[in-house]
Amino acid sequence: MRTSIGTVAAAALAIGLLAAACTDGAVPPTGGAGAAVPLGDVKLVAYSDCDDMLEGLRAATAENVGPYGLGGDMIFAAGREVADGRMAKAESAPNADHSTTNVQEAGTDEPDLVKTDGRRILTYNRGVLRVVDAASRKVTGTVRVLPADQGWTPGDLLVDGDRALVLLGGSGGMIPLGATKRAAFAGPRYVLVDLKELKVIGSITPQGTHVDARMVGSTVRLVVRSQPQIKFPQPRPDQPEKSLLERNREVVASAPIDAWLPAYEVAGPDGRPRQEKVACEQVSHPETYTGTSMLTMHTVDLAAGIGAQATAAAPVSVAADGDTVYATATSLYVTSNPRWWRPVVDPQVLEPAPSTPQVDPGTGDTTTPSTGTAAPDAPGGAGQDGATPGAAAPSPPGTDVVAPKVQTSAPPAEKVEPSNDPSMPSLLPEPAPTATAPEASATPETPVTPVPSPTDTGTAGDAPRSATPGSPEAPPERTEVHRFDITGAGAPRYIASGGVPGRLLNQYSLSEHDGHLRVATTSTGGEGVVAADSSSGVYVLDAETLAEVGQVTGLGRGERIYSVRFIGPVGYVVTFRQVDPLYTLDLRDPAKPVVTGELKITGYSAYLHPAGEGRLLGIGQEASEKGRTLGTQVSLFDVSDPAKPARLSQFHQQNSGSEAEWDPHAFLYWPATGLAVMPLNEWGGRLAAGARSGALVLKIADDGITKTGVVTHPQPEAAANDRMPVDPALRRALVIGDTLWTVSDAGLKASDAATLDERGWIPFT
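Quick notes on the rules
- Residues numbered from 1 in each chain as written.
- Predicted model: local features only at pLDDT ≥ 70, side-chain atom pairs only at ≥ 80, totals over all residues.
- Heavy atoms only, no water.
- Buried < 20%, exposed > 50% of the residue type's maximum accessible area, 1.4 Å probe, protein only.
- Helix = DSSP H or I, 4+ residues; strand = E, 2+ residues; numbered from the N terminus.
- Pairing = 2+ DSSP bridges.
- Axes fitted to C-alpha atoms, helices over the stretch in contact; angles between N-to-C directions.
- Parallel < 35°, antiparallel > 145°, perpendicular 65-115°, else oblique.
- Left-handed = near helix turned anticlockwise from the far one by under 90°.
- Contact = heavy atoms within 4.5 Å.
- Nonpolar A, V, L, I, M, F, W, Y, C, P; charged D, E, K, R; others polar.
- Disulfide = S-S within 2.5 Å.
- Salt bridge = Lys/Arg side-chain N within 4 Å of Asp/Glu carboxyl O.

(A) Main features of the pairing of strand 36 (residues 693-700). Summarising burial for strand 36: seven of the eight residues are buried, a large majority. The pairing of strand 35 (residues 675-682) with strand 36 spans seven bridges and is classified as antiparallel. Residue pairing across strands places Val-677 opposite Val-697, the latter belonging to strand 36. Sheet analysis places strand 36 next to strand 37 (residues 705-711), joined by six bridges and oriented antiparallel. From the neighbouring strand, Lys-699 faces strand 37, where its bridge partner is Thr-706. Hairpin connection from strand 36 to strand 37: four residues lie between these consecutive antiparallel strands.

Listed below in structure tokens is the structure:
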């Protein structure tokens, strides 16, 4: 559960996925749109006391408040990450007989809606935590976490031994269509469950918005973002904006410290809640900050329980924006992507100018939402059945890069935060003449000008503002990065801060390796719109100081990043506008990262996954030469020679989309048998047995992709009074022994992993 998933993802699905024909070739990138962006000082500083904190926050907030308040500036994580991007490091899992959540870094678990230890399968669905015995295929226990009329609240799980933490998203003040009652809490709630006793033994309910969470061992780090609780008077009719602005600044100047201090409620095993606030001495700030948000990190040891936390584990806060979390077993990074900056115009300085709507010069069309679960703004691969190796540039002189020897594993899947960026291809399918890879067009395409998306920049509904009210100049486009040490059992310890030009796609744009942090961003010239001078780059920072030590820029001019994957000393970056260049990067010398190869193909890859030594999988969308998506594509790349990446095989399912394109948790790769599974929704046809939704099962060999079949779930019968019928769309898949388990809101299905014959059905009733 992340703020960028769920309801936000549904909206993001309606935005297009842009794709078009491509040719092979390589142009060594050099400079970029964001090559000379001043980053300023982002080092965190502790406040001396509450008075110092109040003075600083009042001043910063007054500079950023607008005539109509703080603008409800919500950042979607993204988490999220969309990371995420979301792109997991492939590490060996010796003698593993079951799959686990597809995480970005080995040893660092991430929340998801299903978990297994090989004996039990735990799921959260419609307010109920279920425990299923994998051997008997029976439900052995349930815990109702929320009342039935609030069961629509999204949730994920983190599990350690006999303790499960249910991460609930809250309502954010809204309820979905069909719901009869809003959640009792507007923000997130984290509920600890004893799996032996099958009962709730504690909870934390912070004020704010869930950004993301990570678990190392039994210790969970929860990242929450909150806004100042300042109530601004309602404007009078025809009241001048100058007057409104002055009034709001006066309100900020008189607001108490409690308006900013993050609040949270804690309940222990007795269920009695107590109200808490983060202490002033636990709050730090960068040199410059807006005062409009606070990031708070809560630490929960599942083994110790909630309410038993020592003072050392008290939450810590940073006066900063944040929307992306990346973590290893020892470090946690929180970043803030650039906003959709637009000057806050002081009425005394400039007269308001009428806004000009942006029109797509390529087609003149408006993107129409789709009801499928295709991935918005997430990276993905495009392709069809058949093998079409792509040519690539020769190795640069003196380059002797060895492709990473990816150790096969059964890694878990990680969430790539979705985005509403219409620079993605349209979800409206265009009829394709055949299911084979299209030939490159001899006629140049008319460029499609993408329109910016709030999710991409990490904000939605922001009241855009500049660093200096009244100034028509937008601040530099950059991403700030804060690193915390999480090796201890207590609260995270601040290490360093830094910044890079541009904006992240998701958490997979970040990777720590051999004492350095690699960061991939797209710079759009400060306006947030992917234009002719936009380009992407990879920046290498010293992990101890977050000072830059090297960079390679100029990737994908006129395009933006759609997926990133770092594997050891090699990086893979996919950019897209009309073609999909897959760049390979040699990162062995942190001071001199270089592009070693480039492959251009039709469509684009939204998620990249290692598939054995010298092999890389891309999941995304195939597209026509006019930039219309044609359906889910899975591509198998040969990256054994980083100077000559080639596509060995493609699988294409017309008129379809997969949740795995924007949420890699939905992707399962089981290297022991070459099994790959992903959810698939199809429009305009049927996948199997009359169903529009199923789990696509593929066989990945060293040189090709073949379709094994499709697993579907029974269509549940809607109750007469059920205003929110069960969605039978398959969401997740996992392997235990020789059994493939698939998960939907309707239930769990067990199938033979080789033949897909049904072995059992467990309805969620």
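(B) Representation of the packing of helix 2 (residues 50-64) against helix 3 (residues 241-254). Closest axis-to-axis distance for the helix 2/helix 3 pair is 9 Å, and the angle between their directions is 165 degrees. One way to sum up the angle between helix 2 and helix 3 is to call them roughly antiparallel. Judged by the sense of rotation from one axis to the other, the crossing of helix 2 with helix 3 is right-handed. Every residue of helix 3 that contacts helix 2 at Arg-58, Thr-61 and Ala-62 is listed here: Arg-249, Val-252, Ala-253 and Ser-254. Tallied by class, the residues present in the contact of helix 2 with helix 3 amount to three nonpolar, two polar and two charged.

(C) How the structure looks around the pairing of strand 41 (residues 758-763). Sheet topology note: the strand 40 (residues 747-752)/strand 41 ladder contains five bridges and is antiparallel. Note that in strand 41 the partner of Leu-748 across the bridge is Ile-762.

(D) Up close: the state of the cysteines. Taken as a whole and judged by the stated rule, the model has one disulfide. Note on cysteine connectivity: Cys-50 is disulfide-linked to Cys-280, with sulfurs 1.9 Å apart. Classification of the bridge connecting Cys-50 and Cys-280 rests on its S-S torsion, roughly 105 degrees, and on that basis the disulfide is right-handed. Assessed through its relative accessible area of 35%, Cys-50 is described here as partly exposed. For Cys-280, a relative accessible area of 6% translates into the label buried.

(E) Fine view of the sheet that holds strand 28 (residues 594-601). If you trace the four strands from one edge of the open sheet to the other, you get 25-26-27-28, paired in antiparallel fashion. Each edge of the open sheet is held by one strand with a lone partner, namely strand 25 (560-567) and strand 28. Across the sheet, the axes of successive neighbouring strands diverge by a mean angle of 20 degrees, strand direction being ignored. In terms of strand pairing, strand 26 (residues 570-576) meets strand 27 (residues 580-586) through five bridges, oriented antiparallel. Bridge pairing in strand 27 places Val-570 opposite Asp-586.

(F) Spatial organisation of the environment of Asp-738. With respect to the element layout, Asp-738 can be found in the loop between strand 38 (730-736) and strand 39 (739-744). Between the C-alpha atoms of Asp-738 and Ser-751, which are 13 residues apart in sequence, the distance is 8.7 Å. Among all residues touching Asp-738, those that are not within four sequence positions of it are Ser-751, Asp-752, Ala-753 and Arg-759.

(G) Fine view of the pattern of salt bridges. For the structure shown, the criterion picks out 24 salt bridges. As a salt-bridge pair, Arg-615 and Asp-702 come within 3.1 Å of each other at their nearest N and O atoms. Taken together, the residues span a long stretch of sequence, with Arg-615 in strand 30 (residues 615-623) and Asp-702 in the loop between strand 36 and strand 37 at a distance of 87 residues. Under the relative-accessibility criterion, Arg-615 is labelled buried at 13%. Here the salt bridges share partners, and the residues they tie into one network are Asp-112, Glu-659, Asp-663, Arg-731 and Arg-732.

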